[in-house]
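# Per-entry structural report
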Amino acid sequence: MAMSVGGDKAAEKPMSDINTTPLVDVMLVLLIIFLIAIPVAIQAIKLKLPDVRYDPTTTKPENVSLSITTDKDGRCAVYWNLSRVTHEELLEKAVTKLKAEIARQGGVGNPDLELPEAHIRGDVNVPYQCIGGAIYTMQMAGFAKVGFISEPPAGGNIQRL
């Protein structure tokens, strides 16, 4: 067995090295805690968000163009082409337009029947309830396709399909 019983004066100086064992122990404990806590703290549902893309709009004469904004009093203002309409007038005009278009194409029995679309242009500052009300009204009238008209992003960052 080896034993130190004094002797060399150089070996008797105080130890000045840092003991890293407690530091490593603490770091390992923190690592384990974070490995367990991060999946619990970060909960996200996997979604595929839509990409920004620009599809040139082909406007057909039978399609309906709606513009939605707010008036001075902050109320919803819906325009059919260029004339302002109320909710009831919008429903009536949409039903009339759809019936006329179906009759023009030969009735509901026509296998090549192409129903018109509703294109909505909404101001950026319009509350969604105004746009949602117009969508709901057009769907109540029987329009199967209701879409939005938007501006492509500035700077040419356009993704095409």
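Look a little higher up for the structure.
A brief report on the enclosed structure follows.

### Description of the sheet that holds strand β1 (residues 64-70)
Sheets are built from strands that pair by backbone hydrogen bonding, the pairs being arranged parallel or antiparallel. One open sheet accounts for five strands, arranged β3-β2-β1-β4-β5; its pairing is mixed. Each having just a single partner strand, β3 (83-85) and β5 (146-148) make up the two edges of the open sheet. For this sheet, the mean angle separating the axes of adjacent strands, direction not counted, is 35°. As paired strands, strand β2 (residues 76-80) and β3 are joined by three bridges and run antiparallel to one another. In the strand pairing of β3, Tyr79 is matched with Arg84.

### Some words on the state of the cysteines
What the rule picks out here adds up to one disulfide. A sulfur-sulfur distance of 1.8 Å marks the disulfide that ties Cys76 to Cys130. The sign of the S-S torsion, about -70°, decides the handedness of the disulfide formed by Cys76 and Cys130: left-handed. With Cys76 in strand β2 and Cys130 in helix α3 (residues 128-141), this residue pair connects regions lying 54 residues apart in the sequence.

### Observations concerning the pattern of salt bridges
In the structure shown here, the tally under the stated rule is six salt bridges. Between Glu117 and Lys145 there is a salt bridge whose closest N-O contact spans 4.0 Å. One end of the pair, Glu117, is in the loop between α2 (87-104) and β4 (118-122); the other, Lys145, is in the loop between α3 and β5, with 28 residues separating them in the sequence. Using a relative accessible area of 54% as the deciding quantity, one classes Lys145 as exposed. In this structure, a network of salt bridges that share partners links the residues Asp71, Asp73, Arg75 and Arg84.

### Considerations on the nonpolar core
One finds Leu66, Ile68, Trp80, Leu90, Met138 and Phe143 to be the most contacted residues of the largest nonpolar core, which totals 20 residues. Those elements that place two or more of their residues in this core are β1, β2, α2, β4 and α3. Residues in contact with Phe143, not counting those within four places in the same chain, are Val64, Ala94, Lys97, Leu98, Pro116, Glu117, Ala118 and Met138.

Here is what the cut-offs are and how they apply
- Residues numbered from 1 in each chain as written.
- Predicted model: local features only at pLDDT ≥ 70, side-chain atom pairs only at ≥ 80, totals over all residues.
- Heavy atoms only, no water.
- Pairing = 2+ DSSP bridges.
- Helix = DSSP H or I, 4+ residues; strand = E, 2+ residues; numbered from the N terminus.
- Axes fitted to C-alpha atoms, helices over the stretch in contact; angles between N-to-C directions.
- Disulfide = S-S within 2.5 Å.
- Salt bridge = Lys/Arg side-chain N within 4 Å of Asp/Glu carboxyl O.
- Buried < 20%, exposed > 50% of the residue type's maximum accessible area, 1.4 Å probe, protein only.
- Core = buried A, V, L, I, M, F, W, Y, C linked by side-chain atoms within 4.5 Å.
- Contact = heavy atoms within 4.5 Å.

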